[in-house]
Amino acid sequence: MGILQQQAEAFIHQLYREKGRPEEAVGRMREIEEEIHVSGTYTHTYEELSYGAKLAWRNSNKCIGRLFWENLHVFDARHIYSAEKAAEAARRHLRFAAGEGKIRPAVTVFPQRKPDGTDPLFFHNHQLIRYAGYETGRGDPHSLETTRLAESFGWKGNGGDFDLLPLLIQEGEDIHVFDLDQKQDVQEIDIVHPEEEAFRKLGLKWYTVPAISDMEMNIGGIIYGAAPFNGWYMGTEIAARNFADSFRYDRLKQTAEILGMNTAKISSLWKDRALVELNRAVLYSFQEAGAGIVDHHTAAEQFRLFCGKENQQGRKVTGDWTWLIPPVSPASVHIFHETYDNTIKTPNFFYRNRTSGTGCPFIGNQEKGLFQP
Ligand code: ARG
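S.K.: Before we move on, could you go through helix α4 (residues 83–98) and cite the residues and values that matter?
M.R.: The terminal C-alpha atoms of α4, which comprises 16 residues, lie 23 Å apart, in line with the 22 Å expected from a rise of 1.5 Å per residue. Taken together, the buried positions of α4 are occupied by A83, A86, A87, A89, A90, H93, L94, F96, A97 and A98. G99 sits one or two positions beyond α4 and adopts a positive phi of about 45 degrees.

Listed below in structure tokens is the structure:
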């Protein structure tokens, strides 16, 4: 049996078992084997695609938010072969995800990888919404490469800290560039502090929908090279990482100064105090705006519920401790004091191989650096 058949078999049996219709698996596998024999690949039914995507989330070891895996909304965009239509679908995804404040987790699934290893379409963007980064030091340094790529196609940003990058979509040999509509497609929140008016002067804002677009989804051996997915933010991702990392917006010092802290002595813990205030500000601002966000204490409790539910179903939760612990006050949540088995199960999301444009499903390409970007 080929490796594709094996992966299909494992997935199909799991799906129909979990759905309570195990007797359907054998017949379905016969169909799949025939299709692979004729075409070198096979096609998921919508139910398989939809449940497979949910399993990919459930199996995401780095994700603390998995309690809600069954609520994933799966958009089937497997009929879309043009970059232009893909951009439309991506923008529709963003508008759906932003909902009316309450963020809705969703994935949009574009055509699967062909037997020759190429993807009909894929995104060069790390996330559907991301801020540009410039050599001048302005913007998000994490986006330097993507920004350069956009510029090489004639895109020009404003040179600011929060310029929305365009969508960069590969269709066959070509890259196509599409601007997002800042009003319609993107909800942004100005970051203010619950008590300190001066905090505004930092001029910080962030978008509400984190939609990862540079990973591929593997369901039963079928690779979806373009399958952008979103959840909602945990406050620390923005406050303790995007704003605070020295290689990102690097705003700890400014935050401390604006809040009147003495930054002369590192042992005064001004960095830690600034981190807490940044985190309070992000949570407060999102909540005031009615935008979905979760704090790390609540998220950890939700993760505890997830583990309990999974155990009840007789399933072992796998997890990556280095990612699951929050970057502020890690030891204040139970996760810190547990150990997790980091075995990678499929279905799952994997990093794409950025240079060749295609990922490899058969090598462990999950382990690229610690801690979430
Ligand atoms: N950490 C990434 C960011 O700050 C987002 C990763 C996905 N996060 C999520 N809550 N679904 O943009």
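S.K.: An account of the side chain of Q14 is needed here, citing residue identities and associated values.
M.R.: Within the fold, Q14 resides in helix α1 (residues 3–18). On the basis of relative accessibility, which here comes to 16%, the residue Q14 falls in the buried class. In contact with Q14, not counting residues within four places along its chain, are L55, R58, T346 and P347.

S.K.: Quick rundown of the pairing of strand β2 (residues 106–109)? Include the residues and the values.
M.R.: Residues in a regular strand project their side chains so that they alternate between the two faces of the sheet. Side chains A106 and T108 project from β2 onto one buried face, and the interleaved V107 and V109 project onto a second face that is buried too. Relative to β2, strand β1 (residues 73–76) runs parallel, the two sharing four bridges. Bridged to D76 within β2 is V109. With α4 bridging β1 and the parallel β2, this β-α-β connection has right-handed handedness. In the sheet, β2 pairs with strand β11 (residues 229–230) via two bridges, with the strands oriented antiparallel.

S.K.: Could you give an account of unusual backbone geometry, with specific residues and numbers?
M.R.: A negative phi angle is the norm for most residues apart from glycine, just as the trans form is the norm for most peptide bonds. In this structure, the amide linkage connecting T346 to the following residue, P347, adopts the cis form with an omega of 0 degrees. Checked against the element boundaries, P347 lands in the loop between α11 (321–324) and β14 (348–351). Even without being glycine, D250 reaches a positive phi, approximately 55 degrees. Structurally, the position occupied by D250 is in the loop between α7 (235–242) and α8 (252–258). With relative accessibility at 43%, the residue D250 sits in the partly exposed group. In this structure, S329 takes a positive phi of about 45 degrees despite not being glycine. Inspection of the secondary structure puts S329 in the loop between α11 and β14.

S.K.: An account of empty space enclosed by the protein is needed here, citing residue identities and associated values.
M.R.: Picture a little ball the size of a water molecule; that probe, rolled over the atoms, points out where space is still empty. All told, the structure shown has one cavity of 30 Å³ or more when counted by the stated rule. Computed from the structure, the largest cavity encloses a volume of approximately 60 Å³. In this structure, the largest cavity is lined by R58, N59, R66, F306, E310, R315, K316, V317, T318 and K345.

S.K.: Break down the environment of L252 for me, with residues and values.
M.R.: With respect to the element layout, L252 can be found in helix α8. The exposure class of L252 is buried, given its relative accessible area of 11%. Taking the C-alpha atoms as reference, L252 lies 37 Å from E70; in sequence the two are 182 residues apart.

S.K.: Describe in detail the packing of aromatic side chains, supporting the description with residues and values.
M.R.: Taken as a whole and judged by the stated rule, the model has 17 aromatic pairs. For the ring pair Y51 and W69, a centre distance of 6.1 Å and an interplane angle of 70 degrees mean the geometry is edge-to-face. Of this pair, Y51 sits in helix α3 (residues 46–58) while W69 sits in the loop between α3 and β1, and the two are 18 residues apart along the sequence. On the accessibility criterion, Y51 (11% relative accessible area) is buried. Given a relative accessible area of 4%, W69 falls into the buried group. Put simply, the rings of Y131, F162, W206, Y207, Y233, F243 and Y249 pair up and form one aromatic cluster. Looking at R58, its charged tip hangs above the ring of W69, at a distance of 4.7 Å from the centre. It is R104 that lies over the ring of F96; its NZ or CZ is 4.1 Å from the centre.

S.K.: Explain the sheet that holds β2 residue by residue, including any values.
M.R.: Taken in spatial order, the four strands of this open sheet run β1-β2-β11-β8, and their pairing is mixed. Looking at the sheet topology across the chains shown, the edges are occupied by β1 and β8 (211–212). Packed onto the sheet, α4 meets β1, β2, β8 and β11 and runs at close to 170 degrees relative to β2.

What counts, and where the lines are drawn
- Residues numbered from 1 in each chain as written.
- Predicted model: local features only at pLDDT ≥ 70, side-chain atom pairs only at ≥ 80, totals over all residues.
- Heavy atoms only, no water.
- Helix = DSSP H or I, 4+ residues; strand = E, 2+ residues; numbered from the N terminus.
- Expected span 1.5 Å × (residues − 1).
- Buried < 20%, exposed > 50% of the residue type's maximum accessible area, 1.4 Å probe, protein only.
- Contact = heavy atoms within 4.5 Å.
- Pairing = 2+ DSSP bridges.
- Right-handed = clockwise from strand over helix to strand, strands pointing away.
- 1 Å grid on protein atoms, 1.4 Å probe; cavity = no way out; pocket = protein on both sides within 12 Å on 5 of 7 lines; lining within 4 Å.
- Points joined across faces, edges and corners; volume = space filled by probe spheres on them.
- Phe/Tyr/Trp six-rings, centres within 6.5 Å; stacked < 30°, edge-to-face > 60°.
- Lys NZ or Arg CZ within 6 Å of the ring centre and 35° of its normal.
- Axes fitted to C-alpha atoms, helices over the stretch in contact; angles between N-to-C directions.

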